[in-house]
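Fold and geometry: a report
So the chains spell out like this:
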Amino acid sequence: MLPKSITDYAEAHTTPTSDLLKKLERETWVKRLHPGMVSGGYQGQFLRMLSQMIVPKRILEIGTFTGYSALCLAEGLPEDGLLHTIEINEEMETPIQEYIDAAGLTNKIQLHIGNALEIVPTIDEQFDLVFIDADKINYSRYYDLVFDKVKTGGYILADNVLWFGKVTEKNQDEDTAALNAFNQKIQHDARVENVMLTVRDGLSLIRKV
Ligand SMILES: C[S@@+](CC[C@H](N)C(=O)[O-])C[C@H]1O[C@@H](n2cnc3c(N)ncnc32)[C@H](O)[C@@H]1O
């Protein structure tokens with residue numbers, strides 16, 4: 001949505017990622033369908049630093065894809081911290097687990113394969129940070145499902161809230177309308193404070209007050 005010269009400049013002035021994350025991003029673009037879903041270096045560095053600021057003991061991620069954002073978010077976990085990540089595509093189980101192991105995060109990331117709508121209620125944790133990044137149509141449902149599992153003062157991050165700018169257009173497809181409804185819901189929820197960041201495709205940072 002920003003001019004390419006600006007995004008190139010911002011990326012050129014952001015700490016480069018590790019060799020492992022570079023390999024994962026490259027492999028995602030070469031091997032996977034819809035590789036543009038990967039967080040990538042710029043957003044990944046943002047997620048990593050945000051997690052390092054929060055130092056969350058428990059993180060929940062909804063929508064793992066190739067594991068890129070999970071590896072970034074896990075960097076803020078303390079020694080006894082744990083990140084649960086949920087991916088519906090069972091074909092991704094082996095490649096995701098390989099990268100978790102290669103990153104030395106086997107004991108810090110628990111991968112769940114299945115539908116997040118069914119798995120979230122079975123995870124008995126209170127979270128400091130939740131990252132919603134799965135199917136857009138269900139964002140509001142994920143928000144409702146996780147809300148009571150977020151600690152007071154904890155954060156919910158939601159990706160793609162600008163949806164390539166389509167949320168501002170008049171004629172909206174199903175996903176765009178769902179994201180718009182989600183954005184409205186957050187804006188009018190007195191239980192939270194929030195800021196919509198124009199990082200990449202839009203990231204809403206929501207804090208349970
Ligand atoms: C945008 S990608 C996630 C990208 C990843 N978080 C990253 O930043 O690199 C969305 C992922 O959510 C998964 N997904 C879609 N619906 C889901 C559901 N109901 N439960 C769990 N995962 C789901 C998709 O298969 C896809 O891999």
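In case you missed it, the structure is sitting above this.
Residues numbered from 1 in each chain as written. Predicted model: local features only at pLDDT ≥ 70, side-chain atom pairs only at ≥ 80, totals over all residues.

Looking now at the pairing of strand β4 (residues 127-132). Counting buried residues in β4 gives six out of six residues, a clear majority hidden from the surface. Bridge count between strand β1 (residues 58-62) and β4: four bridges; the pairing is parallel. For Ile59, the partnering residue across the bridge sits in β4 and is Leu129. Here five bridges tie β4 to strand β5 (residues 150-159), and the two strands are oriented parallel to one another. The partner of Phe127 across the bridge, within β5, is Val150. Each parallel crossover has a hand, and for β4 linked through helix α7 (residues 139-147) to β5 it is right-handed. (Buried ≥ 20, exposed ≤ 12 C-beta atoms within 10 Å, placed from the backbone. Helix = DSSP H or I, 4+ residues; strand = E, 2+ residues; numbered from the N terminus. Pairing = 2+ DSSP bridges. Right-handed = clockwise from strand over helix to strand, strands pointing away.)

Attention now moves to the packing of α7 against helix α8 (residues 174-187). It is at 8 Å that the axes of α7 and α8 come closest, and there the two elements cross at 35°. Facing α7, whose interface residues are Tyr139, Ser140 and Tyr143, α8 presents Ala178, Leu179, Ala181, Phe182 and Lys185. Taken together, the residues of the contact of α7 with α8 break down into six nonpolar, one polar and one charged. (Axes fitted to C-alpha atoms, helices over the stretch in contact; angles between N-to-C directions. Contact = placed C-beta atoms within 7 Å. Nonpolar A, V, L, I, M, F, W, Y, C, P; charged D, E, K, R; others polar.)

Let's shift gears to the site of the ligand. For the ligand, the set of nearby residues contains 17 residues, the closest of which are Ser39, Gly63, Phe65, Ser69 and Ala116. Counting only elements with at least two residues in the shell around the ligand, the list comes to α4 (68-73), β2 (82-87) and α6 (116-119). Of the residues that constitute the shell around the ligand, the class distribution is nine nonpolar, five polar and three charged. (Near = placed C-beta within 6 Å.)

Turning our attention to the sheet that holds β5. Taking strand neighbours across the sheet as the criterion, the seven strands line up as β3-β2-β1-β4-β5-β7-β6 in an open arrangement whose pairing is mixed. Strand pairing shows two members of the sheet lacking a second neighbour, β3 (109-113) and β6 (192-197), which therefore form its edges. Pairs of neighbouring strands in the sheet enclose a mean axial angle of 15°, with direction left out of account. Packing of helix α5 (residues 93-102) onto the sheet brings it into contact with β2 and β3, and relative to β3 it is tilted by some 180°.

Phi angles above zero are rare outside glycine, and Val55 is one such case at about 50°. Relative to the assigned elements, Val55 resides in the loop between α3 (40-54) and β1. On the basis of neighbour counts, which here come to 12 C-beta atoms within 10 Å, the residue Val55 falls in the exposed class. Positive phi is not limited to glycine here, since Phe65 has a value of about 55°.

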